[in-house]
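Okay, here's what each chain looks like letter by letter:
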Amino acid sequence: MSQVPSCVLTFEHDPRQWSKWRRWMIALVIWNLIAPIDVASTFYSGMQQQIQDHFKTSAFIATLGVGFYNFGSILGPLIGAPLSELYGRRPVYIGSSVGFVFFSMCAALSPTIVSLLSCRALAGLIGSAVFSLYGGSLADMFAPDERGPLIALFTVVLQGAPTIGPVPASFLGTFVHWRWLMGFITVWGAMITAAVMFLPETEPSAIRRRLDKEHEEVGTLKVSGATQEQPNVWSKALMTPITMLRHEPIVLWTALYHAFVYGLLFLLLEAYPHVYNSHYDMSREQAGLVFIAPWVGNLLGVLVYFQYLKPQYKARQRAIYIQSGGKREIEPEGRLPGVILASLFTPVGMFWFAFSAHPDVHWFLPVLSGVPVGMGMTLLQLSLLNYYIDLYPTRSASVVAANCAVRNIAATIFPSAGVPLYNCLGIRNASLLLACISSVGFPSGVILLVFGKRLRAASRWAKQDVVDVDVSCLNVGIVAPLLAQAPENHYGGTSTSN
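The residue numbers shown here count from 1 along each chain, following its written sequence. A pLDDT threshold of at least 70 governs which residues receive local features in this predicted model, and a stricter bar of 80 or more applies before side-chain atom pairs are shown or counted, although totals over entire chains, interfaces and linings include all residues. Side-chain measures were taken over the full set of non-hydrogen atoms in the model, leaving aside hydrogen atoms and water.

As recorded by an unreviewed UniProt entry, the chain carries the name Major facilitator superfamily (MFS) profile domain-containing protein and is attributed to Hydnomerulius pinastri MD-312. UniProt positions are given in the numbering used here, feature names are shortened, and annotations may be inferred rather than shown by experiment. UniProt, in its Subcellular location (unreviewed entry) section for the chain, records the words "Cell membrane".

This is the structure we're talking about:
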């Protein structure tokens with residue numbers, strides 16, 4: 001059991017004091033809920049050709065099935081977060097999973113392309129709400145020093161699920177009808193939803209409200225206060241991320257770069273079939289199997305982070321703490337080596353792809369270029385989100401929410417831009433353009449490393465050099481895969497503390 005009790009609940013009602021087996025089972029149910037919702041964003045790509053032929057529509061219209069799903073995911077986390085603060089995590093998990101299953105089923109049965117695209121958008125909107133909850137759920141049940149294996153596990157599914165999504169759909173799409181493939185996602189989600197129905201509430205405030213109601217201890221003053229607080233919860237959840245983007249250059253620039261790297265995966269959903277069909281005469285289904293390479297890169301990126309970068313960071317953190325006699329903490333810039341390393345892997349992979357994708361070169365060589373691309377994507381996600389948490393200790397939830405919104409905008413647009421870009425510039429030139437843009441991250445990371453202290457000093461919310469804060473009773477509540485810090489009470493951009 002956790003040695004760090006909740007600040008809100010008594011010992012017997014504290015989720016951190018539940019048995020280890022029970023807490024792990026709850027975490028695994030949430031992990032399995034995220035998997036189909038995340039996979040569904042790119043699983044569609046593997047059956048896209050079937051859908052295009054079935055509805056006799058254009059490739060551009062068929063591609064919108066990926067973009068619309070990501071478009072719904074822009075708002076889903078921002079809506080789910082304040083709902084979880086008002087009503088607890090369990091109702092949002094149930095509503096999100098049921099809504100995802102329902103609209104996935106509607107998509108599988110859609111009689112027209114319009115209804116299919118609409119149901120995909122609604123499935124993304126409702127299903128993506130879980131991405132604003134899992135971080136808080138882990139913080140509810142596990143102390144920071146217990147979360148290491150769970151962090152790695154959740155990172156693998158969050159990064160690897162959309163990357164590997166096209167592979168099974170492409171393989172099965174050669175002999176299974178697309179409606180059955182969409183039905184598979186529906187059945188998968190329904191099986192997990194059945195388990196979600198039995199999840200207990202883990203959010204401390206929601207448990208406290210339930211206990212107060214059971215003991216009839218809710219006073220008139222408490223109820224009116226909660227009612228007055230609801231509009232404030234929604235305004236903070238929706239407006240604080242936008243405020244951070246407007247007034248914090250670090251947030252805006254890093255979010256734009258991360259959005260490009262994240263959107264690159266969705267652009268390659270269309271670019272890979274185009275390139276491998278042009279040069280190697282591969283079908284769309286065969287080209288979908290190429291995504292095994294970036295998925296392997298995702299796994300290697302997780303290993304590099306947890307086996308090399310994180311131990312290095314902890315060693316430096318201990319050294320600074322000892323040298324200062326406990327008066328100093330490591331700077332937020334201590335996370336930037338991971339960002340800089342990630343910004344090298346992605347352009348290396350894209351330059352590799354640009355120069356190796358040629359009819360005279362065996363197809364296996366350009367396929368391998370996806371490995372460093374996948375590593376760069378994962379390392380950037382892990383390092384950047386932890387940089388946000390360190391840099392904005394009181395606004396990290398809002399910054400992460402802003403980052404998620406911006407990168408989902410890119411994921412909405414990029415799939416439809418892939419083939420026109422490659423047709424306009426040519427295969428090599430288009431890949432070189434993408435490689436050059438992805439190279440911007442390296443000098444940007446170096447600039448942040450060198451001038452980060454000065455930029456922080458000019459910020460209203462950024463952490464300054466001397467911070468003596470007792471964080472033993474804080475609580476996290478947003479979508480950061482790395483939850484290695486003591487929790488703060490944040491939900492999708494809202495904060496219960498001033």
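Here's the deal with helix α6 (residues 134-141)
Each residue's exposure class comes from its accessible area (1.4 Å probe, protein chains only) as a fraction of the maximum for that residue type: buried when under 20%, exposed when over 50%, partly exposed otherwise. Helix and strand assignments follow DSSP, with helices taken as H or I runs no shorter than four residues and strands as E runs no shorter than two, numbered in order from the N terminus. Counting buried positions along α6 gives eight out of eight residues, so the element sits mostly inside the fold. Listed as buried for α6 are Y134, G135, G136, S137, L138, A139, D140 and M141. Contacts: residue pairs with any heavy atoms within 4.5 Å of one another. Against the buried residues of α6 lie α1 (20-43), α4 (89-108), α7 (148-164) and α10 (204-214).

A look at the packing of aromatic side chains
What characterises a pair of aromatic rings is the spacing of the ring centres plus the angle enclosed by the ring planes. Any pair of Phe, Tyr and Trp rings, taking the six-membered ring for Trp, is counted once the centres come within 6.5 Å. Such a pair is stacked with planes under 30 degrees apart, edge-to-face with planes over 60 apart, and tilted for the rest. Summed over the entire model, instances satisfying the criterion amount to 15 aromatic pairs. Ring geometry for Y305 and F306: centres 5.3 Å apart, planes at 75°, overall edge-to-face. Neither Y305 nor F306 differs from the other in exposure class; each is buried. When the ring of W363 is compared with that of F364, the centres are 6.0 Å apart and the planes differ by 85°; the resulting orientation is edge-to-face. With a relative accessible area of 37%, W363 lands in the partly exposed category. Site record: aromatic cluster; members linked through ring pairs are Y272, Y276, Y280, F291 and F353. The ring of W18 has R22 sitting right over it, with the charged end atom 4.0 Å from the ring centre. Its guanidinium or amino end placed over the ring of Y262, R407 lies 5.1 Å from that ring's centre, counting from NZ or CZ. Cation placement over rings: the criterion is NZ of Lys or CZ of Arg within 6 Å of the ring centroid and within 35° of the ring normal.

Describing the environment of L33
Looking at the secondary structure, you find L33 in helix α1. Here the alpha-carbon distance between L33 and Y93, two residues 60 residues apart in the chain, equals 8.9 Å. In contact with L33, other than residues within four places in its own chain, are Y93, S97, V130, I192 and V196.

Comments concerning the pattern of salt bridges
Here, a salt bridge means any side-chain nitrogen of Lys or Arg that lies within 4 Å of a carboxyl oxygen of Asp or Glu. For the coordinates displayed, the defined rule picks out eight salt bridges. The closest approach of N and O atoms between R328 and E331, which form a salt bridge, is 3.2 Å. Residue classification places R328 among the partly exposed positions, given a relative accessible area of 41%. Ionic pairing is found between E329 and K463, a salt bridge with its closest N-O pair at 2.6 Å. Placement of the pair is E329 in the loop between α14 (292-323) and α15 (336-356) and K463 in the loop between α20 (441-457) and β1 (490-491), with a sequence separation of 134 residues. Judged by its relative accessible area of 37%, E329 falls in the partly exposed class. Several salt bridges share partner residues, and in doing so they unite R316, R328 and E331 into one network.

Some details on the environment of S58
Counting through the fold element by element, S58 comes out in the loop between α2 (48-55) and α3 (59-87). From its side chain, S58 meets the backbone nitrogen of I61 in a polar contact 3.3 Å long. Residues adjacent in sequence count toward polar contacts only when both atoms are side-chain atoms; beyond that, a polar contact is any pair of N or O atoms within 3.5 Å, and within protein one must be able to donate a hydrogen and the other to accept it.

Quick notes on the side chain of S104
Examined against the element boundaries, S104 turns out to sit in helix α4. Its relative accessible area of 9% is what places S104 among the buried residues. What S104 contacts, discounting residues up to four positions off in sequence, is A123, I185 and T186.

Structural notes on unusual backbone geometry
Backbone geometry follows two general trends: most residues other than glycine have a negative phi, and most peptide bonds adopt the trans configuration. Positive phi values are uncommon outside glycine, yet K56 reaches one of about 50°. The class of K56 is exposed, set by a relative accessible area of 74%. Positive phi, normally seen in glycine, also occurs at D281, with a value near 60°. Here D281 shows up in the loop between α12 (249-280) and α13 (284-288). Looking at D281, the relative accessible area reads 66%, which means it is exposed.

Quick word on the confidence of the model for the chain
The predictor's confidence in any single residue is recorded as pLDDT, a number from 0 to 100. Of the residues in the chain, 86% have a pLDDT of 70 or more, and the chain-wide mean is 84. In the model, residues 218-228 has pLDDT below 50 throughout and makes four contacts with residues more than four positions away in sequence or in other chains. Ignoring residues within four places in sequence, the model shows residues 467-498, a span with pLDDT below 50, making 121 contacts including any to other chains.

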